[in-house]
Amino acid sequence: MSKRHLNCGYVPLVDSAPLIIARELKFASDEGLELNLLRQPSWAALRDLLALGHLDAAHMLSPMPIAMTLGLSGVKCRIDAPMVLSVNGDVFGVSSDLSARMRANGWSGAFQDPLGTAAHLMSAATGPLRVGVPFPFSMHRLLFEYWFAGIDTGVPEFEIITTPPPLMADKVGQGELDMFVVGEPWGSVAVDRGAGELILPGRAIWAVSPEKVLGLRHDWVEENPEVTGRLMRAIYRAADWLDTPDNQPLACEILSRSEHLDLPHEAIDRALSGNIVTRPGAPAQPVPGFLKFQRGAATFPWRSQAAWISAQIARIHGLVPKQTIAEGQSVFRPDLYRQHLGGAGVDLPGASAKVEGAMRNRTAVASRHGHMILAADAFFDGQIFDF
Amino acid sequence: MNMNLKILVVEPDASRAEEISQALREGGWANVTVLANTGGLSQGLSETDPDLVLIDLANPSRDLLEQVSAASDAKRRPVAMFVDQSDDDMTKAAMAAGLSAYVVGNMQADRIKPVLKTAIARFQVMSQMRTELDAAKQALADRKTIDRAKGVLMRARGLNEEDAYNLLRKTAMDKGRKLIDVAEALVTAADMLE
């Protein structure tokens, strides 16, 4: 049987791993697919090529398909996100200058204390914070703005400055950014170059945030239901393989040797193992759940997650929340997940939406196979979102 | 037609930048500024205050422009990707040529389209040249590999050059593979055995 070729766009980050593993370990091939992995120079290029049909599928920042569907980013185009490719994995960092001032004011260098670190950050900031994020529609930005809105101190203003991740360390080093939020390996790169210090993992703000999703044009999904299912199964198997602890050394080896990433072994290892070095010379700090691909139902596209993203976009861009949430949450497609993965023996939660932020610990919920364990999803400030 | 558009071309390669601006000048648009250093993109935008920004689709700094286009800051004029959504063909032509464009402010489509048509035509020529150059480079690399494979066969089997080449070609035909693939496999295997 000849294989169906799919053009699949991605940005070379550690969390593009499910696509690379699906190809390299032949999970895609087993489904009769040939994944042409096409590295993209920017999120904007990836977005435009997907919208215009040059790409069939894409590794996307989770707010991107929602922004495209709402017509806020590039050509208005309805995009479906039938599964999440990864949860968490972002880091917050500050310039070495700023961290030195924070330490002078008594900051301990704690890595997982969003409230305490915020207070020290505010007292050390001398003016509006210039904050680098990879893209205007990114979980990085949403987490930062949510955190900032939730901390009650004599808040200096901030300015969001879009910065391509490979340039983040340089811009921080050159004093053009005071802070940055970025995915691995680029946070570690800033540390290794002595440009900055990491102050928080993204999951300290929201314990399980959908970071990257699989993006497909809605029309393409309608025309290719069967291929959509094959692609989703191949990626699910890759995600499952990646989250099996015994496979981690091999995963690291495959990813670092892969022509698709071009990243050094140790950079990949830190993200996959969740052992994060926050400043030069310091021992690595373990961050449980730093970056997850499948465990805790990570791949399931909860409508409530899309609703939360839409609510934040509405707040930042001054849109009517109710309307934005209604349109935005339909981008995540748990129905497709059930349809295509349910038949493949993947366990399915009973509900397609949850009360975001309600689970402070891992929690068992009803599922098709009896029960399944969901990861904790609490927000740093204890807020609960019932959309 | 009003030709007083301020056009900013973002292109680090000096000769490409000159080609684009020359084509635009020939088309009658004299007010063309080139920004080579994409590091200073935000500053370049505020200094030149352009009506239209042209940038290579593959330029890694494109996300910086997205920032400006998504800015809700009232001090900045809105920027949108040029795409007049009713004109899908033009969008596709631009994409295929590797061009992306951002329109600043509420510029009328009939003022923008002629510029874009000119730029698209120039980008098409340039991307064709680039493809041909890539093909030439690849052909050169392939020839080196095939020469090395011939050398391996000549040493190992005591063949002359022509017979070595014929053996490679026959093997490729028998196996239904490309000549270059067989040559690469042979060179890799020979390297491993050394």
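So, a few notes on the structure that sits alongside this text. (Residues numbered from 1 in each chain as written. Chains lettered and ligands numbered in written order. Predicted model: local features only at pLDDT ≥ 70, side-chain atom pairs only at ≥ 80, totals over all residues. Heavy atoms only, no water.)

Moving on, we come to the environment of Arg101 of chain A. Residue and element names in this part refer to chain A. Relative to the assigned elements, Arg101 resides in helix H5 (residues 96-104). Overall, the relative accessible area of 33% leaves Arg101 in the partly exposed class. Along the primary structure Arg101 and Gly173 are separated by 72 residues, whereas in three dimensions their C-alpha atoms are 16 Å apart. Among residues more than four places away in sequence, those in contact with Arg101 are Ala124 and Thr126. (Helix = DSSP H or I, 4+ residues; strand = E, 2+ residues; numbered from the N terminus. Buried < 20%, exposed > 50% of the residue type's maximum accessible area, 1.4 Å probe, protein only. Contact = heavy atoms within 4.5 Å.)

It is worth spelling out the packing of helix H6 (residues 161-175) of chain B against helix H7 (residues 179-193) of chain B at this point. Residues and elements named next belong to chain B. Two elements in contact, H6 and H7, have axes separated by 8 Å at closest approach and are oriented at 110 degrees. Looking at the two axes, H6 sits roughly perpendicular to H7. Here H6 and H7 pass one another in a crossing that is right-handed. Residues Tyr165, Leu168, Arg169, Thr171 and Ala172 of H6 form the contact with H7, whose own contacting residues are Leu179, Val182, Ala183 and Leu186. Partitioning the contact of H6 with H7 into residue classes produces 7 nonpolar, 1 polar and 1 charged. (Axes fitted to C-alpha atoms, helices over the stretch in contact; angles between N-to-C directions. Parallel < 35°, antiparallel > 145°, perpendicular 65-115°, else oblique. Left-handed = near helix turned anticlockwise from the far one by under 90°. Nonpolar A, V, L, I, M, F, W, Y, C, P; charged D, E, K, R; others polar.)

Quick look at unusual backbone geometry now. Residue and element names in this part refer to chain A. Of the consecutive residues Glu184 and Pro185, the connecting peptide bond is found in the cis state with omega at 15 degrees. By secondary structure assignment, the location of Pro185 is in the loop between strand S9 (179-183) and helix H9 (186-192). Positioned with a positive phi, Lys26 is a non-glycine residue whose angle comes to about 70 degrees. Residue position: Lys26 is located in the loop between helix H1 (17-24) and helix H2 (27-30). Non-glycine residue Asn88 carries a positive phi angle of around 60 degrees. Relative to the helices and strands, Asn88 is located in strand S5 (residues 84-88).

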